[in-house]
Amino acid sequence: MISKTGAYFTVSTMTMNIVTMLANLITIRWISPEDIGLWNGYFIFVSYIYFIQLGVVNGLSRELPFYLGKKKENVAVGLARTSLSVVSVNTALVLVFGFFFIWYSAVKSTSLGNVFYTSISIVVLMALQFYTNYLVSTFRSNNSFKKLTYIYVGMSVFIPVSLLLVMYYNYLGHIIRIPLVALVQLIALHLYRPFKIKPKFKLKFFKLLTSTGIPLFVFNYITLLANTFGRLILLQVGTALQMGLYSPAIAVNTAMRLIPVTLSQYIYPKLSYIAGESDSKITIWKLAIKVSFYVSLVLLPITIVGYLLMPWFIETIFPNYTQGIFAAQLATIAGLFSGASIGFVTSLNTMKAFKHIGMLSIARAVIFYGLIFSLAISMNALDGVAYGVLFSEIVYFIMAVVISRHYFKENK
């Protein structure tokens, strides 16, 4: 399943994610917990903007390799062109309405402070992410994964260099650095893009993309929103200081999730290609088990080392954030279970098992909010949120195994 190309891609992905995690942790050395709390609060909006894509990119991620597997390249190119046209419109809308809102806020404000500049940074970041998500969805062949590997290696070098902005300009450097890193990655993806095409909208391809993409988007979006519940609840029942102290845990959560999620960029198209090439569902199920096993195997040593070294790391480099050590340690364990579920969830997406995907994503949202909120109000809010995320990921992993097994047992 994972070829030599896949292995190189996995290593480059892990390297970039580890560098990203360390960079995010180092960043808070030069920024106050209050300013980081402001950024984390505004960054939530990035997770809420993708509804205007109408699931088109989600549909492309599944249907593009599927039709390549069926040897229907004309359909694959048509899907990519239609998707690009939708993404172009989305990007324009975000820029226009986003900057109109910023301008209106500036007119009403007596001074231009961190809130104003943070808003600009977030709007630019959201606009960049639309095209980035589309481009990543088009990297589907072994040759394109080689190019993606080179890009991730390059980003692993650029990300730590970009920390100079934060070191010299503190929070202002941070809100410049984040969209700058996103822009550099987007430029690299654009230069090496597999499909050098122009946007061209066709209704029949749009219908195919949305019929697949909207259900996948809605259910994946619910899952994405559940990932923000920890921060939302901490904002609700905690303080700005606790939100800032939760930053190391957020950085760890993000990095641990990025490893399996980015790995799924390689696995998902392979499974979809196999689904298009063959009707054997049992093959997809066996591969799902293998994927989850190997992802867990990769994450286990990272989890152990991260848990053990976290106290020393934060006490030595970020002494102002020592109260957030335990939350960061729990985040490493939560990341292990989050990664372990990826193979089972991806297999359901591959087969367009919308009923089972729906049950799983809705259950995730209910479990996450219920557990995190109940623990956050019954103990110290910071520790309660961290425990809630960990227990929720464990329950979700068990449900992913049970529900996916039920689907494939039903559809032998």
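For the structure, see preceding data.
Predicted model only: the values in this text are computed from it and were never measured.

**Q** Residue-level account of the overall build of the protein, with values.
**A** Scanning the protein from terminus to terminus reveals 15 helices and zero strands. The C-alpha atoms of the protein give 21 Å as radius of gyration, which agrees with the globular expectation for 412 residues (22 Å, within 12%). Each of the three principal axes of the protein carries a C-alpha extent, and together these read 55 × 45 × 35 Å. In the protein, which comprises 412 residues, the proportion classed as buried is 55%. In the protein, the share of contacts with a sequence separation of at least 24, taken over all contacts with a separation of at least 6, comes to 86%. Split by element, the accessible area of the protein, about 17,900 Å² in all, is 69% carbon and sulfur.

**Q** Run through the nonpolar core, naming residues and quoting values.
**A** Y134, L148, I151, Y246 and I314 are the most contacted members of the largest nonpolar core, which has 130 residues in total. In terms of residues, this core owes the most to one element, helix α6 (residues 142-191), which gives 16 residues. Not counting residues up to four positions away in its chain, the partners in contact with I314 are P248, P319, Y321, T322, I325 and A328.

**Q** Break down the side chain of S404 for me, citing the residues and quoting the values.
**A** With respect to the helices, strands and loops of the structure, S404 is situated in helix α15 (residues 381-410). In this structure the side chain of S404 is engaged in a polar contact, spanning 3.2 Å, whose partner is the backbone oxygen of V401. If we ignore the near neighbours within four places in the chain, the residues touching S404 are W285, F344, S347 and L348.

**Q** Requested: an account of the side chain of Q185, with residues and values cited.
**A** You can see Q185 is positioned in helix α6. The buried category is assigned to Q185, whose relative accessible area is 17%. Contacts of Q185, omitting those with residues within four sequence positions, involve Y152 and M155.

**Q** Hey, could you go over unusual backbone geometry for me, with residue numbers and the actual values?
**A** Phi is positive for K71, close to 65°, though the residue is something other than glycine. Within the secondary structure, K71 is located in the loop between α3 (56-69) and α4 (73-108). Overall, the relative accessible area of 58% leaves K71 in the exposed class. Backbone geometry at K352 places phi at a positive 55°, although glycine is not the residue there. Relative to the elements of secondary structure, K352 occurs in the loop between α13 (342-350) and α14 (354-378). Judged by its relative accessible area of 29%, K352 falls in the partly exposed class.

**Q** Give a description of the packing of aromatic side chains that names residues and reports values.
**A** The tally for this structure, following the rule as stated, stands at 16 aromatic pairs. For the pair W285 and F408, a centre-to-centre distance of 5.5 Å together with 35° between the ring planes defines the contact as tilted. Placement of the pair is W285 in helix α11 (residues 281-317) and F408 in helix α15, with a sequence separation of 123 residues. There is no split in this pair, since W285 and F408 are both buried. Counting every residue linked through ring pairs, the aromatic cluster contains W285, F344, Y407 and F408. For the cation-ring pair, R62 lies above F66, with the distance from its terminal atom to the ring centre recorded as 4.1 Å. The residue whose ring lies beneath R364 is Y396, and the NZ or CZ to ring-centre distance is 4.3 Å.

**Q** Summarise the pattern of salt bridges; cite the residues concerned and give the values.
**A** A side chain with one charge can pair with a side chain of the opposite charge if their charged atoms come near. Per the stated rule, a full pass over the model turns up three salt bridges. Measuring nitrogen to oxygen at the nearest pair gives 3.2 Å for the salt bridge that ties R62 to E63. With respect to class, R62 is no different from E63; both count as buried. Between R364 and E393 there is a salt bridge whose closest N-O contact spans 3.2 Å.

**Q** Describe the packing of α11 against α13, naming the residues involved and giving the relevant values.
**A** For the pair α11 and α13, the least separation of the axes is 7 Å and the interaxial angle reads 150°. In terms of their interaxial angle, α11 and α13 are classed as roughly antiparallel. Crossing geometry of α11 relative to α13 is assigned as right-handed. Between α11, through I284, W285, A288, I289, V291, S292 and V295, and α13, the contact on the second element is made entirely by I342, G343, F344 and S347. Of the residues in the contact of α11 with α13, the class split is eight nonpolar, three polar and no charged.

**Q** An account of the packing of α3 against helix α7 (residues 203-226) is requested, with residue identities and associated values reported.
**A** Put simply, α3 and α7 touch, their axes get as near as 6 Å, and they point 120° apart. It follows that α3 is oblique to α7 by the angle criterion. You can see that α3 and α7 cross each other, and the crossing is right-handed. Each of V56, N58, G59, L60, R62, E63 and Y67 in α3 lies in contact with α7, whose residues at this interface are F206, L208, L209, T210, T212, G213, L216, F217 and N220. Partitioning the contact of α3 with α7 into residue classes produces eight nonpolar, six polar and two charged.

**Q** Which residues make up the environment of V86, and what values do they have?
**A** Structurally, the position occupied by V86 is in helix α4. Each C-alpha atom of the pair V86 and Y134 lies 9.9 Å from the other, and the pair is 48 residues apart in sequence. When residues no more than four places from it in sequence are discounted, the contact partners of V86 are Q53, V56, F201 and F206.

Calculation rules
Residues numbered from 1 in each chain as written. Predicted model: local features only at pLDDT ≥ 70, side-chain atom pairs only at ≥ 80, totals over all residues. Heavy atoms only, no water. Helix = DSSP H or I, 4+ residues; strand = E, 2+ residues; numbered from the N terminus. Rg over C-alpha atoms; globule rule 2.2 N^0.38 Å. Buried < 20%, exposed > 50% of the residue type's maximum accessible area, 1.4 Å probe, protein only. Contact = heavy atoms within 4.5 Å. Areas by Shrake-Rupley, 256 points an atom, 1.4 Å probe, with all protein chains shown as cover. Core = buried A, V, L, I, M, F, W, Y, C linked by side-chain atoms within 4.5 Å. Polar contact = N/O pair within 3.5 Å; in protein donor to acceptor, adjacent residues only side chain to side chain. Phe/Tyr/Trp six-rings, centres within 6.5 Å; stacked < 30°, edge-to-face > 60°. Lys NZ or Arg CZ within 6 Å of the ring centre and 35° of its normal. Salt bridge = Lys/Arg side-chain N within 4 Å of Asp/Glu carboxyl O. Axes fitted to C-alpha atoms, helices over the stretch in contact; angles between N-to-C directions. Parallel < 35°, antiparallel > 145°, perpendicular 65-115°, else oblique. Left-handed = near helix turned anticlockwise from the far one by under 90°. Nonpolar A, V, L, I, M, F, W, Y, C, P; charged D, E, K, R; others polar.

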